[in-house]
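Below, each chain spelled out in residue letters.
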Amino acid sequence: QVQLVESGGGLVQAGGSLRLSCAASGSISTINVMGWYRQAPGKQRELVAAITSGGSTNYADSVKGRFTISRDSAWNTVNLQMINLKPEDTAVYHCKCRSSGVDYWGEGTLVFVSS
């Protein structure tokens with residue numbers, strides 16, 4: 001099993017920046033992909049960014065050029081650097097990983113962007 005704990009959320013003004021972190025523990029050696037998802041009130045959860053064990057990254061069109069996902073080599077931590085935040089980025093951000101074919105989720109961290 002893998003445990004994921006997110007941190008770094010908070011209140012920020014539009015145009016500001018935040019850095020989210022996801023700390024992974026447990027069977028992290030078998031993780032092959034990790035990503036950040038977000039869910040805004042009344043909306044479905046959506047993929048924000050993902051990174052594979054080979055370092056390939058994937059971003060939602062709405063965050064390209066503003067968000068950057070990164071990880072350490074041991075999958076201990078995955079970060080999401082967010083700049084030029086917009087009110088529409090307001091959501092609960094969840095970390096997710098896939099390990100041995102099983103998906104694991106963190107509880108999430110709230111990001112609120114004021115206009």
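Counting restarts for each chain, with residues numbered from 1 along the sequence as it is written. Thresholds applied to this predicted model are a pLDDT of at least 70 for local features of residues and 80 or more for the giving and counting of side-chain atom pairs; totals over whole chains, interfaces and linings are not thresholded and use all residues. Side-chain descriptors were evaluated using all non-hydrogen atoms of the structure, hydrogens and water having been removed beforehand.

Asks: Explain the state of the cysteines to me, using residue names and the numbers behind them.
Replies: Defined by distance alone, a disulfide is two cysteine sulfur atoms within 2.5 Å. Applying the stated criterion to the full structure yields 1 disulfide. A sulfur-sulfur separation of 2.1 Å characterises the disulfide bridge that pairs Cys-22 with Cys-95. Between Cys-22 and Cys-95, the S-S dihedral sits near -85 degrees, and the bridge is therefore left-handed. Placement of the pair is Cys-22 in strand β3 (residues 18-26) and Cys-95 in strand β9 (residues 91-99), with a sequence separation of 73 residues. Across this residue pair, the class does not change: Cys-22 and Cys-95 are buried. Under the scheme used here, helices are H or I runs from DSSP no shorter than 4 residues and strands are E runs no shorter than 2 residues, and both carry numbers assigned from the N terminus. Burial classes: relative accessible area under 20% of the type maximum marks a residue as buried, over 50% as exposed, and values in between as partly exposed (1.4 Å probe, protein chains only).

Asks: Residue-level account of the pairing of β9, with values.
Replies: For β9, the buried fraction is high: 7 of the 9 residues fall into the buried class. Bridging between strand β4 (residues 31-39) and β9 involves 8 bridges; their strand directions are antiparallel. Looking at the pairing, Gln-39 lines up with Val-92 of β9. Strands are treated as partners if at least two bridges between them are detected by DSSP. As paired strands, β9 and strand β11 (residues 109-114) are joined by 3 bridges and run antiparallel to one another. Residue pairing for β11: Tyr-93 is matched across the bridge by Thr-109. Across 4 bridges, β9 lies against strand β10 (residues 102-105) in antiparallel orientation. Its bridge partner lying in β10, Arg-98 is registered against Asp-103. Hairpin connection from β9 to β10: 2 residues lie between these consecutive antiparallel strands, with Ser-100 at a positive phi of about 50 degrees.

Asks: Could you give an account of the packing of aromatic side chains, naming the residues involved and the relevant values?
Replies: Aromatic contacts are taken between Phe, Tyr and Trp rings whose centres are within 6.5 Å, Trp giving its six-membered ring; a plane angle under 30 degrees counts as stacked, one over 60 as edge-to-face, and the others as tilted. Counted according to the given criterion, the structure contains 1 aromatic pair. Between Tyr-37 and Trp-105, the aromatic rings sit 5.0 Å apart at their centres with planes inclined by 65 degrees, giving edge-to-face as the arrangement. Taken together, the residues span a long stretch of sequence, with Tyr-37 in strand β4 and Trp-105 in strand β10 at a distance of 68 residues. Overall, Trp-105 belongs to the partly exposed group, its relative accessible area being 36%.

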